[in-house]
Amino acid sequence: MKHIRYFIGIIAGILLLTACSDRNPEAVTDMLDRIGGEGASGLFETRISRSISENGEDTFIIGSRNGRPYIQGSSLSALTTGIGWYLNHYAHINISWNNLTADLKTAVLPLPEKEEKRVSSAVHRYYLNYCTFSYSMAFWEKDRWQKEIDWMALHGINMPLMLVGTDVVWKNMLEEAGYSDEETDGFIAGPGFQAWWLMNNLEGWGGPNPDWWYERQEDLCRFILGRMRELGMEPVLPGYSGMLPNNAAEKMGVNVSDPGHWCAAFRRPAFLQPVDERFGEIARMYYRHLEDLMGKSRYYSMDPFHEGGSTEGVDVKAAYKAIYDQMKAHSPEASWVIQSWQENPRREALEAVPQGGYVILDLFSDGSPKWHDGYEGHDFLWCMLHNFGGRTGMHGRLASTMEGYFDALEKYTETMKGIGATPEGIETNPILYDALYELPWMRKEECSEWVSSYTSARYGISSKTMEEAWKLLADSVLDCPTDQQGVSEAVVCARPSLNVKSVSEWSTCRIYHDPAMVRQAAAAMLKEKENLAGDPDYGHDVVDVVRQALTDSSYFLLERIAECHEIGDRKGFRESYEAFLEMITDMDRLLSSTELFSMQRWISSARGVCDEAEGTTEEDRDWMEWNARTLISTWGPEGAAEKGHLHDYSNRQWGGMLKSFYLPRWEMFFKALENGKPVPESSEWFRIEESWTRRTDIPEAGMENPADIAEELYTKYF
């Protein structure tokens, strides 16, 4: 009997260790010290306790132990989510893009009076869009990536897309396939444009990339993946989609189809026909090089026919099956993560892959959902595509996002597997992302009070005035009733006209909200200036809201300018357009006061990439800056900019850019009108804009207090 009791005791001990397998995990300790300052981890007790899971779902519990906040998670991701939840809802510390660290050692860390348990309704919590890697992340250095991965962990993301280093994979693969450096240079896109190369839209644009770039990318890739996996994330890796360089038929002797052109001027890469006997061989070669750099994953992303590529002569169903089969041959447990966008995934795609083989991203659920038909029983995620092109501006669908997630969850309880953020650009409207990633841990009835709780988390105080401000925003600019793609664009960013309808081809300047509510929100925020002037979240937000109020006003001011010109009121015309130009200058000053709204940050980051590699030159820095400037202005060469309508797609209301890029266009336009001369045509505008991309003068950021400037300009205009 003693032996039996001893044996039972050992088994019980093993089970206890299994249930509570990791106290103060090293990865979590390191994360807390990074976001909160060295030693911040000692202020918490944390544990992975797998036994707290309900029905296998991710679960966290927030309580107290030994005079410290005590956070348990059923998985590493659940644990880091619990820490983020504690910081927001108990300590009222909001880790956000404009403020990615906090001094936790001087913060008040209250002990919960009773335990709070939260269970996730989302198995998968996905993050990122191919475009994000260019519109926002193209020039990130290690430190910025580190902060983003910590942000992901705090928001419960367990399935991030990871594309950094794919150019290294292709370079190595093409070298094995017999391609010269020159041929490879003509295929792999430059730093600012790799997203569209990886989506099979273009080749080579923005390059060629020097050797140091690939060395830097390889090092950065390993760093990012190490951090993601260390914090319990399963990265979505770029799988093989059939893409090959345009000369593959001649160079490799394979059977390829020609998908045609993208945006008029960019020739798409070739598509390897699934019937070609070497399809498997080439896919295996790709996956071998991918694994050498990135390892394996349970998720691979492929989008073979993105945005209208021609499928003439292609057996589409066979193509999807071949792509799927090669992924499974490489990683038998893997699922194919595929974007639901425009006509994809086609019916042939849904038929070619067995149920369970896909995780479909319903890419634009918040604005143009496609999930209502259920994707023929395939698993899908409800996604928010809040931002297009990295454009600046307040915009969102806060209430309908909350409702939409729960609607999908209720309708497709078996196949709606989670949630995702799929923005083309980030670092705008952080409220939406905080809301989105809390949804899986919430009950539907909690949504109505979420804005109030966010306000306390955001500013660290309970303020009815700030609650009023955010409720005004939630009911106006964050309540878009249309399916438009992103913000109502700022007319000040448009190529000049007296009748501006949009800045970019696929958007609009039409204002869907009541501008008076935005002005009222700004006025409410400014009432708290004395209490919150030194708070970085307040400074960021009050600048953004006043900027939005000014942007709305510029729309109506342009209408006044057009009216004066139409009736021949020369005095009114001059006074109105001078006020318009002055408003652009004032917005530039306002935005230059805040790092996240300053062009200097974008340009300095691009040039700073060269500091992460040895042997780089001033010419390399200028090339990086050209990539950065081109992406946010002309986007492509003249054919793509004009016939393909890509110019100004990625327009930005940034300090430094308003003054150096947009303002001179408007000055030239008004001067021509006033003097009765022809205004520039599209080709002339392009030449002016293209010359700006080759400048290397970095605009200076302002040193003024953002809240002071916001108050000054609000008083001046309203």
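As the structure is a computational prediction, the values presented were derived from the model and not from experiment.

A short note on the layout of surface pockets
And step 1. Approximately 720 Å³ is the volume found for the largest pocket.
And step 2. Lining the largest pocket are 36 residues, with W97, E427, E595, L596 and R601 positioned closest to its centre.
And step 3. Of all the secondary-structure elements, those providing two or more residues to the lining of the largest pocket are α5 (142-154), α20 (536-567) and α22 (599-608).
And step 4. Sorting elements by how many residues they give to the lining of the largest pocket places α22 first, with four residues.
And step 5. Across the lining of the largest pocket, the residue classes break down as 13 nonpolar, 14 polar and nine charged.

A few points about helix α11 (residues 279-294)
And step 1. Between its terminal C-alpha atoms α11 stretches 22 Å, which fits the 22 Å expected from 16 residues at 1.5 Å a residue.
And step 2. Here α11 has its buried residues at F279, G280, I282, A283, M285, Y286, Y287, H289, L290, L293 and M294.
And step 3. Count one or two residues on from α11 and you reach G295, which has phi positive near 75 degrees.

Describing the sheet that holds strand β9 (residues 243-244)
And step 1. The three strands lie next to each other as β9-β13-β10, forming an open sheet whose pairing is antiparallel. Only two strands of the sheet have a single neighbouring strand rather than two, namely β9 and β10 (256-257).

Some remarks on empty space enclosed by the protein
And step 1. Under the defined criterion, the tally for this structure stands at eight cavities of 30 Å³ or more.
And step 2. Along the walls of the largest cavity sit 18 residues, with F133, A138, V164, Q194 and Q217 positioned nearest its centre.
And step 3. Mapped by element, the contributors of at least two residues to the lining of the largest cavity are α4 (132-135), α8 (194-198) and α9 (211-230).
And step 4. With four residues, α9 is the single largest residue contributor to the lining of the largest cavity.
And step 5. Partitioned by chemical class, the residues of the lining of the largest cavity number 13 nonpolar, four polar and one charged.
And step 6. Roughly 140 Å³ of volume is contained in the second largest cavity.
And step 7. Considering the residues around the second largest cavity, the lining is formed by 13 residues, among which G84, N88, L154, H155 and E438 are closest to the centre.
And step 8. Among the elements of the structure, α3 (76-89) and α15 (430-438) are those that each provide at least two residues to the lining of the second largest cavity.
And step 9. With five residues, the top contributor of residues to the lining of the second largest cavity is α3.
And step 10. Taken together, the residues of the lining of the second largest cavity sort by class into seven nonpolar, four polar and two charged.

Here we look at the pattern of salt bridges
And step 1. Within this structure, the stated rule accounts for 54 salt bridges.
And step 2. Between E218 and R222 there is a salt bridge whose closest N-O contact spans 3.1 Å. Here E218 and its partner R222 are both found in helix α9, four residues apart, which amounts to about one turn of the helix.
And step 3. E218 gets classed as partly exposed once you look at its relative accessible area, which sits at 31%.
And step 4. Exposure remark for R222: the relative accessible area of 43% places this residue in the partly exposed category.
And step 5. With a closest N to O distance of 2.8 Å, K529 and D708 form a salt bridge. Separated by 179 residues along the polypeptide, K529 in helix α19 (residues 529-532) and D708 in helix α27 (residues 706-717) bring together distant segments of the chain.

Thoughts on the pairing of strand β18 (residues 416-421)
In summary, the side chains of a regular strand alternate between the two faces of the sheet.
And step 1. Most of β18 is tucked away, with five of its six residues classed as buried.
And step 2. Sheet topology places strand β6 (residues 124-127) next to β18; four bridges connect them, and they run parallel. Counted as the bridge partner of Y126 is G420 from β18.
And step 3. Pairing between strand β17 (residues 379-384) and β18: five bridges, direction parallel. The residue of β18 that forms the bridge with F380 is M416.
And step 4. Between the parallel elements β17 and β18, the chain passes through helix α14 (residues 398-411) in a crossover that is right-handed.

Thoughts on a negative patch on the surface
And step 1. Taken together, the side chains of E175, D181, D211, E215 and E614 define an acidic patch exposed on the protein surface.
And step 2. Overall, the relative accessible area of 56% leaves E215 in the exposed class.

Regarding the packing of aromatic side chains
And step 1. A complete count under the given rule lists 61 aromatic pairs for this structure.
And step 2. With a centroid separation of 6.3 Å and 85 degrees between ring planes, the pair formed by W212 and W623 is classed as edge-to-face. Taken together, the residues W212 in helix α9 and W623 in helix α23 (residues 618-631) connect sequence positions 411 residues apart.
And step 3. Judged by relative accessible area, which is 7%, W212 ranks as buried.
And step 4. Note on W623: relative accessible area 15%, which makes it buried.
And step 5. Three or more aromatic residues joined by ring pairs form one cluster here, namely Y135, F193, W196, W205, W262, F266, W506, W626, W635 and Y649.

What counts and what doesn't
- Residues numbered from 1 in each chain as written.
- Predicted model: local features only at pLDDT ≥ 70, side-chain atom pairs only at ≥ 80, totals over all residues.
- Heavy atoms only, no water.
- 1 Å grid on protein atoms, 1.4 Å probe; cavity = no way out; pocket = protein on both sides within 12 Å on 5 of 7 lines; lining within 4 Å.
- Points joined across faces, edges and corners; volume = space filled by probe spheres on them.
- Helix = DSSP H or I, 4+ residues; strand = E, 2+ residues; numbered from the N terminus.
- Nonpolar A, V, L, I, M, F, W, Y, C, P; charged D, E, K, R; others polar.
- Expected span 1.5 Å × (residues − 1).
- Buried < 20%, exposed > 50% of the residue type's maximum accessible area, 1.4 Å probe, protein only.
- Pairing = 2+ DSSP bridges.
- Salt bridge = Lys/Arg side-chain N within 4 Å of Asp/Glu carboxyl O.
- Right-handed = clockwise from strand over helix to strand, strands pointing away.
- Patch = residues over 30% accessible without salt bridge, like charges linked within 9 Å, V, L, I, M, F, W, Y side chains within 5 Å.
- Areas by Shrake-Rupley, 256 points an atom, 1.4 Å probe, with all protein chains shown as cover.
- Lys, Arg positive; Asp, Glu negative; His and termini not counted.
- Charge placed at Lys NZ, Arg CZ, Asp CG, Glu CD.
- Phe/Tyr/Trp six-rings, centres within 6.5 Å; stacked < 30°, edge-to-face > 60°.

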